[in-house]
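Summary of the model geometry
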Amino acid sequence: MSSDDGDIWCSDSEDNSKLEESLETRKLREVHKKRGYVDGISSAKEENLQAGFDATFSIGSKLGLRVGNLVGRFQVLKTLYGDADSDLVEDARLVENELRINKVLASRHFNEDLDHLASLEELVGKWESRLTVYENKY
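Analysis parameters
- Residues numbered from 1 in each chain as written.
- Predicted model: local features only at pLDDT ≥ 70, side-chain atom pairs only at ≥ 80, totals over all residues.
- Heavy atoms only, no water.
- Helix = DSSP H or I, 4+ residues; strand = E, 2+ residues; numbered from the N terminus.
- Buried < 20%, exposed > 50% of the residue type's maximum accessible area, 1.4 Å probe, protein only.
- Contact = heavy atoms within 4.5 Å.
- Areas by Shrake-Rupley, 256 points an atom, 1.4 Å probe, with all protein chains shown as cover.
- Axes fitted to C-alpha atoms, helices over the stretch in contact; angles between N-to-C directions.
- Parallel < 35°, antiparallel > 145°, perpendicular 65-115°, else oblique.
- Left-handed = near helix turned anticlockwise from the far one by under 90°.
- Nonpolar A, V, L, I, M, F, W, Y, C, P; charged D, E, K, R; others polar.
- UniProt positions renumbered as here; feature names shortened; annotations may be inferred.
- Salt bridge = Lys/Arg side-chain N within 4 Å of Asp/Glu carboxyl O.
- Core = buried A, V, L, I, M, F, W, Y, C linked by side-chain atoms within 4.5 Å.
- Phe/Tyr/Trp six-rings, centres within 6.5 Å; stacked < 30°, edge-to-face > 60°.
- Lys NZ or Arg CZ within 6 Å of the ring centre and 35° of its normal.

A few points about the overall build of the chain
Secondary structure summary: the chain contains four helices and zero strands in total. For the chain, the N- to C-terminal ordering of α and β elements is α-α-α-α. The 138 residues of the chain split such that 18% are buried. For the chain, contacts bridging at least 24 residues in sequence account for 55% of all contacts bridging at least 6. Total accessible area on the chain is roughly 10500 Å²; 55% of this is exposed by carbon and sulfur atoms.

Concerning the packing of helix 2 (residues 86–98) against helix 4 (residues 118–137)
When two helices pack together, you describe them by how their axes are tilted relative to each other and by the distance separating the axes. At a closest axis distance of 11 Å, the pairing of helix 2 and helix 4 adopts a crossing angle of 155 degrees. Considered as vectors, helix 2 and helix 4 are oriented roughly antiparallel to each other. Considering the relative orientation of helix 2 and helix 4, their crossing is left-handed. In this structure, helix 2 contributes D87, L88, D91, L94, V95 and E98 to the contact, and helix 4 contributes L123, K126, W127, R130 and Y134. Residues of the contact of helix 2 with helix 4, tallied by class, amount to six nonpolar, no polar and five charged.

Some thoughts on the UniProt feature "domain: Essential protein Yae1 N-terminal" (unreviewed entry) in the chain
Annotation from UniProt places "domain: Essential protein Yae1 N-terminal" (unreviewed entry) at residues 36–73. For residues 36–73, helix accounts for 100% and strand for 0%, while the C-alpha atoms at its two ends are 53 Å apart.

Side note on the pattern of salt bridges
Opposite charge on two side chains lets them pair, provided their charged atoms get close. Per the stated rule, a full pass over the model turns up nine salt bridges. The salt bridge partner of K137 is D85, with a shortest N-O separation of 3.0 Å. One end of the pair, K137, is in helix 4; the other, D85, is in the loop between helix 1 (16–81) and helix 2, with 52 residues separating them in the sequence. Note that K126 is salt-bridged to E98, the shortest N-O span being 2.7 Å. One end of the pair, K126, is in helix 4; the other, E98, is in helix 2, with 28 residues separating them in the sequence.

Let's talk about the environment of V104
Turning to its location among the elements, V104 is positioned in helix 3 (residues 101–104). In this structure, the C-alpha to C-alpha distance between V104 and L123, residues 19 residues apart in sequence, is 8.6 Å. Discounting residues that sit within four places of it in the chain, V104 has contacts with L63, V67, E98, L99, H109, F110 and L120.

Here we look at the nonpolar core
The biggest cluster of nonpolar side chains holds 17 residues, and the ones touching the most others in it are L70, F74, L99, V124 and W127. For this core, the secondary-structure elements that each account for two or more residues are helix 1, helix 2 and helix 4. For this core, the element with the highest residue contribution is helix 4, accounting for six residues. Discounting chain neighbours no more than four positions away, the residues touching L99 are V67, L70, V71, V104, L123, V124 and W127.

Thoughts on the packing of aromatic side chains
Enumeration over the complete set of coordinates arrives at four aromatic pairs. Ring centres 5.7 Å apart and planes at 85 degrees place the aromatic pair F74 and W127 in the edge-to-face group. Remark: W127 occurs in helix 4 and F74 occurs in helix 1; sequence separation between them is 53 residues. By relative accessible area, F74 is classed as buried at 0%. Aromatic side chains F74 and Y134 sit 6.0 Å apart centroid to centroid with 75 degrees between the ring planes, which places their arrangement in the edge-to-face category. Here F74 is found in helix 1, whereas its partner Y134 is found in helix 4, with 60 residues between them in sequence. Y134 matches F74 in its accessibility class, with the two residues each being buried. Taken together, F74, W127 and Y134 form an aromatic cluster joined through their ring pairs. The ring centre of W127 lies 4.7 Å from the NZ or CZ of R130, which sits over that ring.

Pasting the structure below:
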């Protein structure tokens, strides 16, 4: 065995079966190393995902309740008074469109720490104000 193949424990007189075993062992070690790396990354992602969920669930649920309440109340008013109020019908359509989940949770409404920005408060506040006008009217 030559000195350039990197195995300092083998002598020139050793059998090739020892070299083959060594190659298989290295290959197996490499497979386990990669598997351990992948398992470590997966585990870290799961732990961080759960921590992120736990930290923001209450914020998201409050926002969802607020938006759902708005859309639902507009729908009730539209059902009761929509035949006589075309502005109400149009606003009910707009509130459904503007407060869709993909629009409310758009990245433009959150900073890098996932705190919601004033733009989201303005959007929801705008529709809460309009709802108050209609509820006072009827």
